[in-house]
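Topology and contacts: notes
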Amino acid sequence: MAKFVISRNIKGKFAYTLYSPTGDVLLKGEGYGSKQGCMIGIHSVQFNAEDEYLYEIKKSKTGASSFVLWSANGRLIGESPEFKKGADLEKAMAFLQKTAATAKIEDATRRKKRVAKKA
């Protein structure tokens, strides 16, 4: 099952990453100032992912492809990693369309940090 993981990025903002069942990154959301804002971003992905017209495919100078997902009101929701093969990009988009709405949400910001014990 696909899952969204909420974490903090380098700048301390909340961000989500959507992973496939095999652990591959499918989509990343930009940094949000609050966890609530990040949750709204996830719900926007869940709501808009099925609409194939909201995807935009981009090509890099190296020939790799990626996609972005837009909301119906024209806001950027998330970006995919680059794919070397077009078939892999198409599979990722199709998987996202089918599974985003039911993907589990995991909050990694709530995990306790492990502290090394002194010997």
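What counts, and at which threshold
Residues numbered from 1 in each chain as written. Predicted model: local features only at pLDDT ≥ 70, side-chain atom pairs only at ≥ 80, totals over all residues. Heavy atoms only, no water. Helix = DSSP H or I, 4+ residues; strand = E, 2+ residues; numbered from the N terminus. Expected span 1.5 Å × (residues − 1). Contact = heavy atoms within 4.5 Å. Buried < 20%, exposed > 50% of the residue type's maximum accessible area, 1.4 Å probe, protein only. Polar contact = N/O pair within 3.5 Å; in protein donor to acceptor, adjacent residues only side chain to side chain.

Notes on helix α1 (residues 35-48)
Here α1 contains 14 residues, and its C-alpha end-to-end distance of 20 Å stays within 8% of the 20 Å for a straight helix at 1.5 Å per residue. Where the residues of α1 are buried, they touch β1 (3-8), β2 (14-19), β3 (25-28), β5 (65-70), β6 (76-79) and β7 (104-107).

Brief notes about the environment of K85
Within the secondary structure layout, K85 lies in the loop between β6 and α2 (86-99). Through-space distance from the C-alpha of K85 to that of S60 is 12 Å; in sequence the pair is 25 residues apart.

A closer look at the side chain of Q46
Note on placement: Q46 falls in helix α1. Taking relative accessible area as the criterion, Q46 reaches 14% and is therefore assigned buried. At 3.5 Å, the side chain of Q46 forms a polar contact with the backbone oxygen of A100. With residues up to four places along the chain from it excluded, the contact list for Q46 reads F4, A100, A101, A103 and I105.

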